[in-house]
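Notes for the structure review
Below, each chain spelled out in residue letters.
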Amino acid sequence: MLFGGEPLLLPLKDLEDLWSWGFQQFGGNSVQTNGTLIDDSHILLFHKYRVHVGISVDGPGSLNDIRWHGTLDNTRRSTEKTHAAIRRLCTEGIPPSLIITLHKGNANTERLNELSSWVLDLHSLGVCEIRLHLLESENQEIRQRFALTTEENIQALRRFMFLERDTPTLRFDVFREMRQLLLANDSKTSCVWYGCDPYTTHAVRGVEGQGQRSNCGRTNKDGVDFVKASTAGYERYIALYNTPQEAGGCQGCRFFLMCKGQCPGTAIDGDWRNRTEHCDVWKALYEDLEQELLSSGITPFSLSQSLPSVETEAIQKWSVGSRVAMHELVGTL
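Heads up: these notes are all about the structure in this document. Per-chain numbering applies: the sequence of each chain, read as written, is numbered from 1 onward. pLDDT decides what is reported in this predicted model: residues at 70 or higher carry local features, side-chain atom pairs at 80 or more are listed and counted, and totals for whole chains, interfaces and linings draw on all residues regardless. Excluded from the side-chain calculation are hydrogens and water; included are all heavy atoms of the structure.

Attention now moves to the pattern of salt bridges. In the sections that follow, a salt bridge refers to a side-chain nitrogen of Lys or Arg positioned within 4 Å of a carboxyl oxygen of Asp or Glu. Summed over all chains, the structure comprises 20 salt bridges. For D17, the salt bridge identified is with K13, shortest N-O distance 2.9 Å. With a gap of four residues between them, D17 and K13 both fall in helix α1 (residues 12-26), about one helical turn apart. Burial classes follow relative accessibility: with a 1.4 Å probe on protein chains only, a residue under 20% of its type's maximum area counts as buried, one over 50% as exposed, and anything between as partly exposed. The exposure class assigned to D17 is partly exposed, which follows from its relative accessible area of 40%. One salt bridge in this structure joins E136 and R218, with 3.6 Å as the shortest N-O distance. Here a strand is any run of E in DSSP of at least two residues, a helix any run of H or I of at least four, and the numbering for each starts at the N terminus.

And the structure:
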């Protein structure tokens, strides 16, 4: 998967070189883009090298204004280019997936209905896969201007959870992954749930302007593009497990192995040693999904009697520098 910044700023020759290699190695590729630069040449490459396209957009019109393009007129024109690209890709038989970031501009109480209706409109065109992101706030000013409250984030996520239940062919990966995690199956979950080391970021291999390797930008809170460490460390997860929740840790949380404090790039106070600042949001969603499983006659792993022993095994593996796969640990019991 290529993502940026905006990966389609790369020359077509470079894109073709990368996608040709990806196709040879893996049989396909992915790209995450805002879609504004997609033209006929890109479409040809998408078909030729089996490139799945993800579009980053937060809604129609003013709902997407936070993705600022210099002026309001430019921003609105770019938003329309993005939507035109979505329609074109659907017409071409390669419907894109979406990444939608939830914020005050598109998912507060006044705008949530419009956002939901827009999602259904795109679904009618063929868009079926959507990833929902909570806003990553780099400082308090951004948080106050744009971030939803905990209650608003929960309200928005629940709205989309209900929308998914009412629309069987519409899928939001966050709910699928959280359900799987509650079943102790983390074999295909996103990096935010997988115990990321902020100095190696296993899921992301950054390439900076002069060619040096770097980590996922979400974990960069110091303004320094640190070169990748050669060995992963899991001190964050050992510490979170043992640190009281009132001190920024996860001690005693039955969802710890499913969540692992979530993405270090969203940690409290921008300090990766803390759990995510969205803890209360994810905990509420895990509780909802936990009850959903119980209503179906399934005992979630968060309520399993074997949970403490698996947590102990996980801490032991992290202590010797090994990655933890919950499904593997459960399978050895």
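Burial along strand β4 (residues 129-134) is one-sided: I130, L132 and L134 are buried, while E129, R131 and H133, pointing the other way, are not. Both β4 and strand β5 (residues 171-172) contribute to a ladder of two bridges, which runs parallel. Following the sheet pairing, E129 is matched in β5 by R171. What makes two strands pair is DSSP finding at least two bridges between them.

A few words now on the sheet that holds β4. Judged by pairing direction, the sheet is parallel, and its five strands sit side by side in the order β1-β2-β3-β4-β5 without closing on themselves. At either margin of the open sheet sits one strand with a lone partner, and together these are β1 (29-33) and β5. Relative to strand β3 (residues 97-102), strand β2 (residues 51-56) runs parallel, the two being bridged by three bridges. Each bridged residue has a counterpart across the sheet, and for G54 the counterpart in β3 is S97. By definition in these notes, contact holds between two residues if any of their heavy atoms fall within 4.5 Å. Angular values range over 0 to 180 degrees, each being the angle between N-to-C directions of two axes fitted as lines to C-alpha atoms, with helices fitted over their stretch in contact. Against the sheet, helix α5 (residues 112-125) makes contact with β3, β4 and β5, and its axis sits at roughly 175° relative to β3, the strand it touches most.

Two cysteine sulfur atoms form a disulfide, by the criterion used here, when they sit within 2.5 Å. Considering all chains together, one arrives at zero disulfides under this definition. Not part of a disulfide, C216 finds its nearest cysteine sulfur in C263, a span of 6.2 Å. Assessed through its relative accessible area of 16%, C216 is described here as buried. C253 forms no disulfide, and the closest cysteine sulfur to it belongs to C279, at a distance of 6.1 Å. Taking relative accessible area as the criterion, C253 reaches 16% and is therefore assigned buried.

Quick look at the environment of C191 now. Mapped onto the elements of the fold, C191 is located in the loop between α8 (173-182) and β6 (206-207). For C191, a relative accessible area of 39% translates into the label partly exposed. Taking the C-alpha atoms as reference points, C191 and A203, twelve residues apart in sequence, are found 6.2 Å from one another. With sequence-adjacent residues up to four places away left out, C191 is seen in contact with C196 and A203.

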